[in-house]
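The primary structure of each chain is shown beneath.
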Amino acid sequence: MEQEILVHTLVFVIVSLALCLAIAYFLDSKYRKQLFDYIRDNLAGTILFILGIFILIGGFTYLYDGNWKFVKLVEDFYANFGAEFVSIAITVLIIDYLNRKRQETQLKAQLIREMGGPDNGFALRAARELAHHRWLCDGSLRGANLGGANLAEGAILTKADLSYTNLSSANLIGAFMPRAILEEANLMNAKLCGVTLSEANLKKANLIGADFLEADLRGVNLKGANLVGAKLVGAVYDQHTVWPDGFDPDEAGARLID
């Protein structure tokens, strides 16, 4: 009995493979190559498909003791169709979700790379796309390497979470960054002329040599920040601005406003 099942199954598989090869032979060379490339790229799925046929034929042969009846096959098919359909649907949904997450991760990584690049157009577009996907504020940029980024004249980084981010030598001239989180960020030698940083958090940020010419620092928290060599001429601040201990903003050229 077992030998008959094995023989039937092998014959079916061999005939199926032969039929597939015959079809492939008569296909145009371009489509034949596409077919073989698809099988190669989806080898695991192809093997599982062949095994499934193997098990299906063997199971029906064993169940009906070699005496197949089409009506019986149809009845069994409909009896199990609902459960199989639900199983397939769940599998498809899981695979679709995983694919979307993978694409999302790849897109996010690409946008962060572009945002940190020297091309102003690409950097600004990437910043807008990150904002559109709400990735500016969800921590996706924490610790990112944006050193040398060219985000001048047009970057809108409202409430952006840039904690621990490397923005050394970045060009942020005229950027709009109210309530941005830049705690412990590296902004060494960054160009921050005319930047709006009202109510931003720059606690313990590295601001050595940063240029804050005419920047808006109202309500900014600079507690523990390193402002050695920072240029603050023309920058404005108010009574809510928190400076590092012992730092004199007026002496550095900043201006207090109401």
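Scroll up to find the structure.
Because the structure is a prediction, the values reported are computed rather than measured.

Novice: Please provide a residue-by-residue account of the pattern of salt bridges, values included.
Specialist: Counted under the stated rule, the structure contains five salt bridges. Measuring nitrogen to oxygen at the nearest pair gives 3.3 Å for the salt bridge that ties Glu-199 to Arg-179. Placement of the pair is Glu-199 in the loop between helix H5 (120-132) and strand E1 (236-237) and Arg-179 in the loop between H5 and E1, with a sequence separation of 20 residues. Assessed through its relative accessible area of 49%, Glu-199 is described here as partly exposed.

Novice: Lay out the side chain of Asp-216 with the relevant residues and their values.
Specialist: Within the secondary structure, Asp-216 sits in the loop between H5 and E1. Of note is the side chain of Asp-216, whose polar atom sits 2.8 Å from the side chain of Arg-218. Setting aside anything within four residues of it in sequence, one finds Asp-216 in contact with Val-195, Thr-196, Leu-197, Ser-198 and Val-236.

Novice: Describe in detail the side chain of Lys-108, supporting the description with residues and values.
Specialist: Of note, Lys-108 is situated in helix H4 (residues 70-115). Buried charge without a salt bridge: Lys-108, with Asp-138 as the nearest opposite-charge side chain at an N-O distance of 4.4 Å. Look past the residues within four positions of Lys-108 in its chain and what remains in contact with it is Trp-135, Asp-138 and Ser-140.

Novice: Could you give an account of the environment of Gly-174, with specific residues and numbers?
Specialist: Within the secondary structure layout, Gly-174 lies in the loop between H5 and E1. Considered as a pair, Gly-174 and Val-195 are 21 residues apart in the sequence and their alpha carbons are 4.5 Å apart. Those residues within four positions of Gly-174 in sequence are excluded, and the remaining contacts are Glu-153, Gly-154, Cys-193, Gly-194 and Val-195.

Novice: Outline the packing of aromatic side chains, listing residues and values.
Specialist: Scanning the model with the defined rule gives two aromatic pairs in all. Here the aromatic rings of Tyr-237 and Trp-243 are separated by 5.3 Å at their centres, their planes lie at 85 degrees, and the arrangement is edge-to-face. As far as burial versus exposure is concerned, Tyr-237 and Trp-243 are alike and both buried. Grouping aromatic residues by their ring pairs yields a cluster made of Tyr-237, Trp-243 and Phe-247.

Conventions we followed
Residues numbered from 1 in each chain as written. Predicted model: local features only at pLDDT ≥ 70, side-chain atom pairs only at ≥ 80, totals over all residues. Heavy atoms only, no water. Salt bridge = Lys/Arg side-chain N within 4 Å of Asp/Glu carboxyl O. Helix = DSSP H or I, 4+ residues; strand = E, 2+ residues; numbered from the N terminus. Buried < 20%, exposed > 50% of the residue type's maximum accessible area, 1.4 Å probe, protein only. Polar contact = N/O pair within 3.5 Å; in protein donor to acceptor, adjacent residues only side chain to side chain. Contact = heavy atoms within 4.5 Å. Lys, Arg positive; Asp, Glu negative; His and termini not counted. Phe/Tyr/Trp six-rings, centres within 6.5 Å; stacked < 30°, edge-to-face > 60°.

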